[in-house]
Amino acid sequence: MPKFMADHMLGRTCRWMRIMGYDTQYPKCNSDNDILKKCMREDLVLLTRDYEFYKRYPKSVFLNSPDFKAQLKQITEMFPPDPDLFFTRCPECNAILRVVETKTMGEGFDLVKSRFETVKQCPECGKYYWEGSHYYRIRDEINELIKG
Ligand SMILES: [Zn+2]
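A short tour of the structure in this document, coming up.

Procedures and definitions
- Residues numbered from 1 in each chain as written.
- Predicted model: local features only at pLDDT ≥ 70, side-chain atom pairs only at ≥ 80, totals over all residues.
- Heavy atoms only, no water.
- Helix = DSSP H or I, 4+ residues; strand = E, 2+ residues; numbered from the N terminus.
- Contact = heavy atoms within 4.5 Å.
- Donors = N, O, S within 2.8 Å, 3.2 Å for Na, K, Ca; no water.
- Tetrahedral: all angles 85-135°; square planar, octahedral: opposite > 155°, others 65-115°.
- Phe/Tyr/Trp six-rings, centres within 6.5 Å; stacked < 30°, edge-to-face > 60°.
- Buried < 20%, exposed > 50% of the residue type's maximum accessible area, 1.4 Å probe, protein only.

**Topic: the environment of Thr102**
Part 1 of the argument: With respect to the helices and strands, Thr102 occurs in the loop between strand S5 (98–101) and helix H5 (110–115).
Part 2 of the argument: Considering only alpha carbons, one finds Thr102 and Lys120, 18 residues apart in sequence, at a separation of 9.1 Å.
Part 3 of the argument: Non-local contacts of Thr102, meaning those with residues more than four positions away in its chain, are made with Val112, Lys113, Phe116, Glu117, Thr118 and Val119.

Structure below.
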């Protein structure tokens, strides 16, 4: 599976791709040249809605729709996702989540602690992820997307 770079306008698409396990970077800088240099250096597939930008880099994919779900559909058709990798990556920072015991969680997680022995945590931002209602809704949306 290649690694990806999402263009600026694709923040939402980028977060969903990470949830689906795609290694997807999001540009921290605003210069197209810097983004392209990074893509070349790290052999990334560039996802963009900007046709001029698309034409400048051979490994880029032009996303046809402004709608993030249609974009995800296009991406998953070109690069079928690995369901084993769903929910293994932080949607905010792209880092691989690690499994932690809930007893190590701080104050304010009583409900989570009462329901789970372990949760996932992002080593970068420290955010916790567990299989709550949000998780099931996202999982259903992903399944809808890849089967449809
Ligand atoms: Zn994170």
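**Some remarks on the coordination of the zinc ion**
Part 1 of the argument: Looking at the zinc ion, the protein donor atoms are Cys90 (SG), Cys93 (SG), Cys122 (SG) and Cys125 (SG), and they sit 2.1 to 2.3 Å from it.
Part 2 of the argument: Because the angles between the four donor atoms bound to the zinc ion fall within 108 to 112 degrees, the donor set is best described as tetrahedral.
Part 3 of the argument: Mapped onto the sequence, the donors of the zinc ion take the spacing C-x2-C-x28-C-x2-C. Note that Cys93 is positioned in the loop between helix H4 (68–78) and S5 and Cys122 in the loop between strand S6 (118–121) and strand S7 (128–129), a separation of 29 residues in sequence.

**Digging into the packing of aromatic side chains**
Part 1 of the argument: Overall, the coordinates contain ten aromatic pairs when judged by the stated rule.
Part 2 of the argument: A centroid spacing of 5.4 Å and a plane angle of 35 degrees characterise the contact between Tyr51 and Tyr54, whose relative ring orientation is tilted. On the criterion of helical spacing, the pair formed by Tyr51 and Tyr54 is a turn pair, its members being three residues apart in helix H3 (residues 51–55).
Part 3 of the argument: We classify Tyr51 as partly exposed; its relative accessible area is 43%.
Part 4 of the argument: Residue classification places Tyr54 among the partly exposed positions, given a relative accessible area of 28%.
Part 5 of the argument: Aromatic side chains Phe109 and Trp130 sit 6.2 Å apart centroid to centroid with 85 degrees between the ring planes, which places their arrangement in the edge-to-face category. Placement of the pair is Phe109 in the loop between S5 and H5 and Trp130 in the loop between S7 and helix H6 (133–147), with a sequence separation of 21 residues.
Part 6 of the argument: We classify Trp130 as partly exposed; its relative accessible area is 33%.
Part 7 of the argument: Put simply, the rings of Phe4, Tyr22 and Phe79 pair up and form one aromatic cluster.

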